[in-house]
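Each chain is listed here by its residues.
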Amino acid sequence: QVQVVEFGGGLVQAGGSLSLSCEASGVVLGGYAVGWFRQDPGKVREFVAAINWSGRNTNYADSVKGRFTISRGNAGNTVYLQMDSLQPEDTAVYYCARGKYGSDLSDASGTYAYWGQGTQVTVYS
């Protein structure tokens, strides 16, 4: 019954924007760190961004810093990833994951649990 689902992926031209959403049922996102990761075929899964349990602190990969913004919704069980100035190298399947108890703003995938199935983001030039 535990399910984490990402929404908002799509096809966008370079320079454009997309907003991704992460929602959970069976588990809560509020009170735990939440991270976004991405993986393109032929590449390893890489860290994108994380937000801590309170939503007051964030962490970004250098490759997306200044372009992506992670935030929590007011309801506390939704996390967003606003992606601006998208580039072809941002093309990947984007995954949302809830952190394990006690983790916070980590860029290591092993510190997260309850992964979503991902949403495809494709950026073309």
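A. View of the pairing of strand β1 (residues 3–7). Only one face of β1 is covered, namely the one carrying V4 and E6; the face carrying Q3, V5 and F7 has none of its residues buried. Bridge analysis of β1 against strand β3 (residues 18–25) gives five bridges, and the strand direction is antiparallel. Across the sheet, E6 pairs through a bridge with C22, a residue of β3.

B. Structural detail: the nonpolar core. The biggest cluster of nonpolar side chains holds 32 residues, and the ones touching the most others in it are W36, L81, M83 and Y94. Elements with a minimum of two residues in this core: β3, β4 (34–39), β5 (46–51), β7 (68–72), β8 (78–83), β9 (92–99) and β11 (119–124). Of all the elements, β5 adds the most residues to this core, at five residues. Ignoring anything within four residues of it in the chain, the contact list for M83 reads G16, S17, L18, L20, R67, F68, Y94 and V121.

C. Summary view of the side chain of R67. Mapped onto the secondary structure, R67 falls in the loop between β6 (58–60) and β7. Within the structure, the side chain of R67 is placed 2.8 Å from the side chain of D90, a separation counted as a polar contact.

D. View of the state of the cysteines. According to the stated counting rule, one finds one disulfide in the structure shown. Note that C22 is cross-linked by a disulfide to C96, the S-S spacing being 1.9 Å. Because the torsion about its S-S bond is -75°, the bridge between C22 and C96 counts as left-handed. Here the residue C22 occupies a position in strand β3, and C96 occupies one in strand β9, the gap between them amounting to 74 residues. Overall, C22 belongs to the buried group, its relative accessible area being 0%. Looking at C96, the relative accessible area reads 0%, which means it is buried.

What counts, and where the lines are drawn
- Residues numbered from 1 in each chain as written.
- Predicted model: local features only at pLDDT ≥ 70, side-chain atom pairs only at ≥ 80, totals over all residues.
- Heavy atoms only, no water.
- Buried < 20%, exposed > 50% of the residue type's maximum accessible area, 1.4 Å probe, protein only.
- Helix = DSSP H or I, 4+ residues; strand = E, 2+ residues; numbered from the N terminus.
- Pairing = 2+ DSSP bridges.
- Core = buried A, V, L, I, M, F, W, Y, C linked by side-chain atoms within 4.5 Å.
- Contact = heavy atoms within 4.5 Å.
- Polar contact = N/O pair within 3.5 Å; in protein donor to acceptor, adjacent residues only side chain to side chain.
- Disulfide = S-S within 2.5 Å.

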